[in-house]
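Summary of structural features
So you can see what is in the structure, the chains are spelled out below.
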Amino acid sequence: MPLSLTTLAADGPRLSPIVAGAWRMADWGWSAQQRLRWIEQCAELGVTSFDHADIYGGYAVEALFGEALALAPTSLRQRLQTVSKCGIRLMAPARPDHRIKHYDTTAAHIVASAEASLRALRVERLDLLLIHRPDPLMDADEVAGAFAALRDAGKVAHFGASNFTPAQFDLLSSRFPLATNQIELHPLQRTPLTDGTLDQLQRLRIRPMIWSPLAGGALLGGSSDAERRVQAALERVAGRHGCTAATAAFAWLLRLPSRPVPVAGSRRIEALHEAVAALQVRLDQQDWADVWQAAAGHELP
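Before going into details, it helps to say that this report is about the structure given with it. All values derive from a computational prediction rather than experimental measurement.

Procedures and definitions
Residues numbered from 1 in each chain as written. Predicted model: local features only at pLDDT ≥ 70, side-chain atom pairs only at ≥ 80, totals over all residues. Heavy atoms only, no water. Salt bridge = Lys/Arg side-chain N within 4 Å of Asp/Glu carboxyl O. Helix = DSSP H or I, 4+ residues; strand = E, 2+ residues; numbered from the N terminus. Pairing = 2+ DSSP bridges. Axes fitted to C-alpha atoms, helices over the stretch in contact; angles between N-to-C directions. Buried < 20%, exposed > 50% of the residue type's maximum accessible area, 1.4 Å probe, protein only. Right-handed = clockwise from strand over helix to strand, strands pointing away.

1. What to know about the pattern of salt bridges
Summed over all chains, the structure comprises 11 salt bridges. A salt bridge links Glu-67 to Arg-35, with the nearest nitrogen and oxygen atoms 2.9 Å apart. Taken together, the residues span a long stretch of sequence, with Glu-67 in helix 3 (residues 61–69) and Arg-35 in helix 1 (residues 32–45) at a distance of 32 residues. Here Glu-40 and Arg-37 are joined by a salt bridge, their closest N and O atoms 3.4 Å apart. Note that Glu-40 and Arg-37 are positioned in helix 1 at a spacing of 3 residues, about one turn of the helix. Connected via shared salt-bridge partners are Arg-236, Arg-240, Asp-287 and Asp-290.

2. So, the sheet that holds strand 3 (residues 19–21)
Around the barrel, which closes on itself, the 8 strands sit in the order 3-4-5-8-9-10-11-12 with parallel pairing between neighbours. Strand-to-strand twist in this sheet, taken as the mean axis angle between neighbours without regard to direction, amounts to 30°. Sheet topology places strand 4 (residues 49–51) next to strand 5 (residues 81–86); 3 bridges connect them, and they run parallel. Bridging from a neighbouring strand, Phe-50 pairs with Thr-82 of strand 5.

3. With respect to the pairing of strand 8 (residues 128–131)
Of the two faces of strand 8, the one lined by Leu-128 and Leu-130 and the one lined by Leu-129 and Ile-131 are each fully buried. One ladder, built from 4 bridges, connects strand 5 with strand 8; its direction is parallel. Across the sheet, residue Lys-85 finds its bridge partner in strand 8, namely Leu-130. In this sheet, strand 9 (residues 159–162) lies alongside strand 8 in parallel orientation, the contact comprising 3 bridges. Following the sheet pairing, Ile-131 is matched in strand 9 by Ala-161. At this point the chain moves from strand 8, through helix 6 (residues 140–152), to the parallel strand 9, and the crossover so formed is right-handed.

Structural data, given as structure tokens:
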């Protein structure tokens, strides 16, 4: 089913309204041909944007994706959009020089990481590059300089942040135009609804990207009291709309006026079908409040 690409911000990147997350690809145990088939099936659904980070899979996922992408015809490759992140240095066998997990938002690391992602993914340009986590040692002017160098070299088209507070986003966006803030948001993690994150993005007309939209599966199969209450509420909403509970969970996010773009990280194409189906489901205020109340354990103030 063809989906229209959506713009994240003024002059920002155009991504599919549901983005496929590849962070667990190293755990799938698939051949390059199987990985290519997954990419093809995503594209057949209209999910043509793929979310990565240099560190995923212990620095292995981007290369696995790139190996599969190299098998794809040019016509498919030209339809896809790639998103990556940088700024975290993990302890991993692939990085024996790292003594401890730490952040690095120096210009040298940002540029080197982006260039490594291009080589691993086997693409000529990233559509979007995000600073993965707020770095207490981040020099906003230095980051802006790295962004400008990558843009001017034609290596990255657009830039953004991930997991930034409103103040952190304000700081970096005062130095360089940002296209999104990728944040964790779901009924069990509602902080962005009240800490100014979504208000800021709506004011700036910048659409957030959402990671872990199903709380790592807890919205559908968790065992805590709050998780069970949310599961029951999602089932009620799903029954009213003739969809699955997973689709209802995505629809809960899509109802927000900041117009989020969820990242659906699953190897199961059926799960991506459920995410895409949410684009056709609009919850009313009572549906939305039903899920919020279940998660909070009390009615709205």
